[in-house]
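One-letter residues, chain by chain:
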Amino acid sequence: MSLYDDTVLVLKGYEDQEELRQAYLEHLETHPDGLWKACTDGHVTASALVFDPERGRVLLTLHRKLRMWLQMGGHCEPGDATLAAAALREAAEESGIAGLSLLPGGPVRLDRHPIPPPCHCHFDVQYAVVAPPGAVQEISDESLDLRWFGYDEVADVADESVVRLLEAARARL
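Nothing here was measured: the structure is a model prediction, and the numbers come from that model. (Residues numbered from 1 in each chain as written. Predicted model: local features only at pLDDT ≥ 70, side-chain atom pairs only at ≥ 80, totals over all residues. Heavy atoms only, no water.)

> Teacher, can you tell me more about the packing of aromatic side chains here?
Any two aromatic rings considered together are summarised by their centre-to-centre distance and by the angle between their planes. This model, assessed by the stated rule, comprises three aromatic pairs. An angle of 80 degrees between the planes, with centres 5.1 Å apart, marks the rings of Tyr24 and Phe123 as edge-to-face. Here the residue Tyr24 occupies a position in helix 2 (residues 18-30), and Phe123 occupies one in strand 7 (residues 121-130), the gap between them amounting to 99 residues. A residue is classified by how much of its surface remains accessible, and Tyr24, at 1% relative accessible area, is buried. Between the aromatic rings of Trp69 and Phe149, the centroid separation amounts to 5.0 Å while the plane-to-plane angle is 75 degrees, which identifies the pairing as edge-to-face. A residue pair is termed long-range when its members are at least 10 positions apart, and Trp69 in strand 3 (residues 69-70) and Phe149 in strand 8 (residues 143-150) qualify at 80 residues. Residue Trp69 is classed as buried on the basis of its relative accessible area, which comes to 11%. Taking the relative accessible area as the measure of exposure, Phe149 reaches 7% and is therefore buried. A cation over a ring is seen here: Arg57 above Trp148, with NZ or CZ 4.2 Å from the ring centre. (Phe/Tyr/Trp six-rings, centres within 6.5 Å; stacked < 30°, edge-to-face > 60°. Helix = DSSP H or I, 4+ residues; strand = E, 2+ residues; numbered from the N terminus. Buried < 20%, exposed > 50% of the residue type's maximum accessible area, 1.4 Å probe, protein only. Lys NZ or Arg CZ within 6 Å of the ring centre and 35° of its normal.)

> What exactly am I supposed to notice about the side chain of Gln126 here?
Along the chain, Gln126 turns up in strand 7. Relative accessible area serves as the criterion here: at 0%, Gln126 is assigned to the buried category. At a separation of 3.3 Å, a polar atom in the side chain of Gln126 contacts the side chain of Asp124. Separated by 3.4 Å, the side chains of Gln126 and Ser161 make a polar contact. Other than its neighbours up to four places away in sequence, Gln126 contacts Ser47, Gln71, Pro107, Val108, Arg109, Leu110, Asp111, Ser161 and Leu165. (Polar contact = N/O pair within 3.5 Å; in protein donor to acceptor, adjacent residues only side chain to side chain. Contact = heavy atoms within 4.5 Å.)

> Can you walk me through the nonpolar core in this structure?
The nonpolar side chains of soluble globular proteins are, as a tendency, buried together. Counting 33 residues, the largest nonpolar core has Val50, Leu83, Ile97, Val125 and Tyr127 as its most contacted members. If sequence neighbours within four positions are ignored, Tyr127 has contacts with Val10, Ser47, Ala48, Leu49, Leu83, Ala84, Ala87, Leu102, Gly106, Pro107, Val108 and Leu165. Counting 19 residues, the second-largest nonpolar core is a separate cluster that includes Leu49, Val108, Val154 and Leu166. (Core = buried A, V, L, I, M, F, W, Y, C linked by side-chain atoms within 4.5 Å.)

> When you look at the packing of helix 1 (residues 3-11) against helix 2 in this model, what are you seeing that I'm missing?
Each pair of packed helices can be summarised by the angle the axes make with each other and by the distance between the axes. Two elements in contact, helix 1 and helix 2, have axes separated by 10 Å at closest approach and are oriented at 155 degrees. Here helix 1 lies roughly antiparallel to helix 2, going by the angle between them. For the pair helix 1 and helix 2, the crossing hand works out as left-handed. From helix 1, Tyr4, Thr7, Val8 and Leu11 reach across to helix 2, where they touch Arg21, Tyr24, Leu25, Leu28 and Glu29. Grouping the amino acids of the contact of helix 1 with helix 2 by side-chain chemistry returns six nonpolar, one polar and two charged. (Axes fitted to C-alpha atoms, helices over the stretch in contact; angles between N-to-C directions. Parallel < 35°, antiparallel > 145°, perpendicular 65-115°, else oblique. Left-handed = near helix turned anticlockwise from the far one by under 90°. Nonpolar A, V, L, I, M, F, W, Y, C, P; charged D, E, K, R; others polar.)

And the structure:
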């Protein structure tokens, strides 16, 4: 199965976000390159919120370009077999944490958001991952900062997209 086929299959499960799900599928139908960063009309991204459920907290990155506290995530790469693999790779790269595990059940949410040019938007497929006990984060070149926040602190530092992702993922923990 290709990354494209995996993406279409993953999107079939989001009837609760039907309008957004349809927008993703239409984008992919009209843009054969819609999975890749080179597609300036928008492209699919994969992200993951890193959880430490034992301590009731999540790890957020202060994004270097956007200067916002966000979950880990980014662009699909040719070596990614699935969106889940892309999200897990991005989470490990940006957090510096080895041994992350995907929360069962597939993606948690879909989110489409505008980004600065040259691209117009990200069609983000959002996952959640669990950090192993005693995990120590290491800041990457893509971040200005990397910090753990208690569940109740996230709304004070992050936008609604991150808050919605946190709430949906916590419902699965």
